[in-house]
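Breakdown of the fold
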Amino acid sequence: MTDADAAAATVAVVGGGAVGVTTAHDLAVRGADVTLYERGELAAASSGRAAGLLYDAYAEDVDAAVGARSIERFRAFDRSLPGFSFSPCPYVIAVREGDPDADAVPAMVERMRDHGRDVALVDPAALGERFPSLRTDDLDVAAVAEGAGWTDPPSYVRALAERAAGEGVAIETETAVALGPRTDAGRALRVRDVGVDESPGTETPAFDAVVVAAGAHTRSLLADAGVSVPVVPYRVQALVARSDYAGPMVYDATAEAYLRPHPEGLLAGDGTEPVPADPDDYRREADDWFREDVAGVVNGRLARVGRPDDAGGLESGLPDARAWAGLCTATPDGDPLVGPVDAEDEAPTLFVAAGWQGHGFMRAPAVGEVVAEGVLASLAGVAFDGPESPWIGAFDPGRFDGTESFEIAEGMSLSSRTEEE
Ligand SMILES: Cc1cc2nc3c(=O)[nH]c(=O)nc-3n(C[C@H](O)[C@H](O)[C@H](O)COP(=O)(O)OP(=O)(O)OC[C@H]3O[C@@H](n4cnc5c(N)ncnc54)[C@H](O)[C@@H]3O)c2cc1C
């Protein structure tokens, strides 16, 4: 394919979450003829259940660059995308006394700063003075990332989908698809009758390229086409409590839980269950242990909430809270799979973007852009690892053969961020 042909390619994107919608939009603005397939509504799965923390505080160079580009785009969308807003808010990483990970924090912050991120170590007492709503006397060390913020994740998906439709993307919701075989004409999809997975379904026209951004369903979808990827879903949890909170976003690294301001009060979460989950059959309600654990963390971290005269309710069974569970996806090395899965073919046509380890929403603006540019480059014959390639080598799906067995690691944990490159 010539560059011009590639830019006008027909591309199917499977998955109407943050990654799929961004990819579809970015492909269309580059001239591709795009159809987006979503088995439910837009943001029906993980992107509709995410907490909306957005930050660029990464120690690893590729992650820092992806985080920075995403924040840059979120800020630009805040100015230009109706229905979407980015609320700037500092992000505090707090490590308690006695936590063995505390020693690694100064070097981790130094690496973030080396990558141009606006992050600084802060003395716990000074942190408490800056943010009086936080309790800091039990902390050993803390850092503040200034370039962070939060949003409502489904609003991003819907707003960008509307813009994508304006750019010509055909959006087919309530349309579950399976991958068809590759032919000389390209790769068609089978549209399944909803609720009847074994039905033969109807066949779509062949596409020059198919991008699978199907979140927790990515592995099973690709397996149907004979492609094996080690992308394993696991369950995480969050809740919203009615408790006035206007402080910073906080990641309590010792408790491995986070909180942020929310229009209805305060959002807190994690509650990772580090075991594989079935995306078609997992518990969507939060567990009691999670509610109790996270209430304890929030009460311990906030200077105000939890006093007897406080109406927050966190210590009294969360009467005002709504709590839920959703799925994240793990990979053997904690990095996502972004790129062609048939790269050994001269001209790859099947691409994947999945395995975010809890950071897929905040990386979607940068990753969608990489996938759009990467797909068009691959169709034009640019080698994945060539000097002109937009793909990110560290995210190459080809680094795995799909048979790897591995432990699911908690995505935000400090230990996964303090490892040396
Ligand atoms: C409680 C919770 C809190 C989180 N907090 C954060 C956070 O603060 N920040 C952050 O960055 N990340 C967070 N995450 C992770 C984040 O939600 C995901 O990484 C991100 O949403 C992944 O986006 P996606 O587009 O890849 O997947 P999804 O949003 O899951 O989209 C995939 C879509 O594909 C569709 N699909 C699947 N199979 C098919 C098929 N056969 N045909 C058609 N469509 C199909 C699904 O219906 C789904 O809509 C959180 C997750 C949870 C559960």
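About the thresholds
Residues numbered from 1 in each chain as written. Predicted model: local features only at pLDDT ≥ 70, side-chain atom pairs only at ≥ 80, totals over all residues. Heavy atoms only, no water. Domains from an automatic or database assignment. Contact = heavy atoms within 4.5 Å. Buried area = accessible area lost by both parts, 1.4 Å probe. Salt bridge = Lys/Arg side-chain N within 4 Å of Asp/Glu carboxyl O. Pairing = 2+ DSSP bridges. Helix = DSSP H or I, 4+ residues; strand = E, 2+ residues; numbered from the N terminus. Buried < 20%, exposed > 50% of the residue type's maximum accessible area, 1.4 Å probe, protein only. Near = heavy atom within 4 Å. Polar contact = N/O pair within 3.5 Å; in protein donor to acceptor, adjacent residues only side chain to side chain. Areas by Shrake-Rupley, 256 points an atom, 1.4 Å probe, with all protein chains shown as cover. Axes fitted to C-alpha atoms, helices over the stretch in contact; angles between N-to-C directions. Phe/Tyr/Trp six-rings, centres within 6.5 Å; stacked < 30°, edge-to-face > 60°.

What to know about the domain arrangement of the chain
- Assigned domains within the chain: domain 1 (3–50 + 154–231 + 332–418) and domain 2 (87–148 + 233–330).
- The C-alpha-based centres of domain 1 and domain 2 are spaced at 30 Å.
- The partner domain 2 presents 30 residues to the 24 residues of domain 1 that form the contact.
- Roughly 2,300 Å² is buried in total at the junction of domain 1 and domain 2, and carbon and sulfur atoms are behind 59% of that figure.
- The residue Asp280 makes a salt bridge to Arg39 at a minimum N-O spacing of 3.4 Å.

Topic: the sheet that holds strand E11 (residues 186–191)
- Pairing within the open sheet is antiparallel, and its three strands lie in the order E10-E11-E12. Edge positions in the sheet fall to strand E10 (177–183) and strand E12 (202–203), since each has one partner strand and no second.
- Both E11 and E12 contribute to a ladder of two bridges, which runs antiparallel. When the bridges of E12 are listed, Val191 appears paired with Thr202.

Concerning the pattern of salt bridges
- Under the definition given, this model contains 20 salt bridges.
- Across the pair Asp26 and Arg73 runs a salt bridge whose closest N-O atoms are separated by 2.6 Å. One end of the pair, Asp26, is in helix H2 (residues 18–29); the other, Arg73, is in helix H3 (residues 61–80), and 47 residues separate them in sequence.
- The class for Asp26 is buried, based on a relative accessible area of 1%.
- Arg73 sits in the buried class, given a relative accessible area of 10%.
- Counted as one network, the salt bridges with shared partners bring together Asp26, Arg69, Glu72, Arg73 and Glu369.

Things to note about the pairing of E10
- Here E10 runs beside E11; their pairing, made up of five bridges, is antiparallel. When the sheet's bridge partners are listed, Leu179 is paired in E11 with Leu189.
- In this antiparallel pair of consecutive strands, E10 and E11, the connection spans two residues.

Thoughts on the site of the ligand
- Neighbouring residues of the ligand: 38 residues in total, closest Glu38, Ser47, Ala51, Val177 and Met362.
- Contact distances for the ligand include 3.0 Å between an oxygen atom and a backbone N or O atom of Val19.
- Notes on the ligand: free accessible area 1,000 Å², of which the protein chains cover 96%.
- The leading source of residues in the shell around the ligand is strand E18 (residues 322–330), at four residues.
- Taken together, domain 1 (3–50 + 154–231 + 332–418) and domain 2 (87–148 + 233–330) each give at least three residues to the shell around the ligand, which thus spans both.

Here's the deal with the sheet that holds strand E20 (residues 350–354)
- Spatially, the six strands line up as an open sheet ordered E9-E2-E1-E13-E20-E19, and their pairing is mixed. Looking at strand neighbours, the two that pair on one side only are strand E9 (170–172) and strand E19 (337–340), the edges of this open sheet. In this sheet, neighbouring strand axes are inclined to one another by 15° on average, regardless of whether the strands run parallel or antiparallel.
- Two strands pair when backbone bridges link them, and strand E1 (residues 10–14) and strand E2 (residues 33–37) are joined in this way by five bridges, in the parallel orientation. Opposite Val14, over in E2, you have Tyr37 as the bridge partner.
- Against the sheet, H2 makes contact with E1, E2, strand E13 (209–212) and E20, and its axis sits at roughly 165° relative to E2, the strand it touches most.

What about the packing of aromatic side chains?
- Inspection of every chain in the model, using the stated rule, returns 11 aromatic pairs.
- Summarising the aromatic geometry, the rings of Tyr37 and Phe207 are spaced 6.3 Å apart at their centres and angled 80° between planes, so their arrangement reads as edge-to-face. One end of the pair, Tyr37, is in strand E2; the other, Phe207, is in the loop between E12 and E13, and 170 residues separate them in sequence.
- When the ring of Phe74 is compared with that of Phe84, the centres are 5.9 Å apart and the planes differ by 25°; the resulting orientation is stacked. You can see Phe74 sitting in helix H3 and its partner Phe84 sitting in the loop between H3 and strand E4 (87–88), a full 10 residues away along the chain. In this structure, Phe74 and Phe84 share a single accessibility class: buried.

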